[in-house]
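Residues per chain, in single letters:
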Amino acid sequence: MSNKKIIISLLVVIVVVVVSIAGFSYAWYEADSGKTTVGVNTTANINVNFATSQYISTTTALPIYDSDAATKANKSLFTVATTGSLPHATTYTVSLVDIVIPSALKVSTFKWELIKDEISVASGNFASIGTATTLDLYSSNFAASSTATDSYELRIWLSETCADITNCNTNQNSQMQQTFTAKVQILSILKP
């Protein structure tokens, strides 16, 4: 009877050791393959400074021409900077979260554009947002050991559809006086 207990105990120990070795080997393989990413607390290595507000909102009034967006669109101004030298390359994503948008603004004429260091890096509209409350706008990188600052301007506006508004058959009245709100979020990922 005591031999049975010893054999069962020995088998349990062997199974635990084999499973542990297999698990450790798989974890080592995944970590070594370069696919593993580690979430980074944004405030630890990346500093985000909002010159205006983290929130961007508008109550659409008159549509504006796309060429006037730089001066007339609603904006959020912010910088993304490293806080000293980074230990590894870091990717960050600029997103809109907590989006509240009425169905009247889920159209191709309600637009957004992201400007990075005075160059347009991403643009789009809200026609296909559906019921989503999050929208990833753009991803960028900081190299390992870099000390850099990226300046951003996020614009949103209702685009005028007529080239000549004195002779236009398009009615955008249903898109005016609609309220849009969202929060700008920066999410960073350290890439070892």
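Residues numbered from 1 in each chain as written. Predicted model: local features only at pLDDT ≥ 70, side-chain atom pairs only at ≥ 80, totals over all residues. Heavy atoms only, no water.

In this section: the overall build of the chain. Within the chain, the secondary structure is distributed over three helices and ten strands. Along the chain, helices (α) and strands (β) appear in the sequence α-β-α-β-β-α-β-β-β-β-β-β-β when read from the amino end. A buried classification covers 33% of the 192 residues belonging to the chain. Pairs at least 24 residues apart make up 82% of the contacts formed inside the chain by residues separated by at least 6 positions. Looking at the chain as shown, the accessible area adds up to about 11400 Å², and 56% of this sits on carbon and sulfur atoms. (Helix = DSSP H or I, 4+ residues; strand = E, 2+ residues; numbered from the N terminus. Buried < 20%, exposed > 50% of the residue type's maximum accessible area, 1.4 Å probe, protein only. Contact = heavy atoms within 4.5 Å. Areas by Shrake-Rupley, 256 points an atom, 1.4 Å probe, with all protein chains shown as cover.)

A few words on the side chain of Ser140. Relative to the elements of secondary structure, Ser140 occurs in strand β8 (residues 135-142). By relative accessible area, Ser140 is classed as buried at 5%. Here Lys116 takes part through its side chain, which lies 2.8 Å from a polar atom of the side chain of Ser140. Discounting residues that sit within four places of it in the chain, Ser140 has contacts with Thr90, Thr91, Tyr92, Lys116, Asp150 and Tyr152. (Polar contact = N/O pair within 3.5 Å; in protein donor to acceptor, adjacent residues only side chain to side chain.)

Further remarks concern the environment of Gln178. Secondary-structure assignment places Gln178 in the loop between β9 (149-158) and β10 (179-191). Separated by 120 residues in sequence, Gln178 and Thr58 place their C-alpha atoms 7.9 Å apart.

Attention shifts here to the sheet that holds strand β2 (residues 46-50). Read across the open sheet, the five strands follow the order β2-β4-β9-β6-β7; overall the sheet is antiparallel. Where the open sheet ends on each side, the last strands, each with one partner, are β2 and β7 (119-125). Ignoring strand direction, the axes of neighbouring strands in this sheet form an average angle of 20 degrees. Strand direction decides the pairing type here: strand β6 (residues 110-116) and β7, joined by six bridges, are antiparallel. Following the sheet pairing, Lys111 is matched in β7 by Asn125. (Pairing = 2+ DSSP bridges. Axes fitted to C-alpha atoms, helices over the stretch in contact; angles between N-to-C directions.)

For the rest of this paragraph, the subject is a nonpolar patch on the surface. A contiguous nonpolar patch, built from Ile7, Leu10, Leu11, Ile14 and Val18 and spanning about 480 Å² of accessible area, is present on the exposed surface. Along the chain, Ile14 turns up in helix α1 (residues 2-32). Judged by its relative accessible area of 43%, Ile14 is partly exposed. (Patch = residues over 30% accessible without salt bridge, like charges linked within 9 Å, V, L, I, M, F, W, Y side chains within 5 Å. Salt bridge = Lys/Arg side-chain N within 4 Å of Asp/Glu carboxyl O.)

Another point: the confidence of the model for the chain. Confidence along the chain averages 81 in pLDDT terms, with 80% of residues attaining 70 or more. Residue range residues 33-43 is modelled with pLDDT below 50. Its contacts to residues more than four positions away, or to other chains, number 18 contacts. (pLDDT = per-residue confidence, 0-100.)

Of all seven residues in β6, six are buried; the element is thus mostly enclosed. With seven bridges connecting them, β6 and β9 associate as antiparallel partners. By the bridge assignment, Lys116 is partnered in β9 with Tyr152. Here β6 folds back onto β7 in antiparallel fashion, the turn holding two residues, of which Asp117 has a positive phi close to 50 degrees.

Before going further, it helps to examine the packing of aromatic side chains. Applying the stated criterion across every chain yields a total of seven aromatic pairs. Between Phe50 and Phe78, the ring centres sit 5.4 Å apart and the planes meet at 40 degrees, which makes this aromatic pair tilted. In this pair, Phe50 is assigned in strand β2 and Phe78 in strand β4 (residues 74-82), connecting sequence segments 28 residues apart. Ring centres 5.3 Å apart and planes at 70 degrees place the aromatic pair Phe110 and Phe180 in the edge-to-face group. One end of the pair, Phe110, is in strand β6; the other, Phe180, is in strand β10, with 70 residues separating them in the sequence. Since its relative accessible area comes to 0%, Phe180 is described here as buried. (Phe/Tyr/Trp six-rings, centres within 6.5 Å; stacked < 30°, edge-to-face > 60°.)

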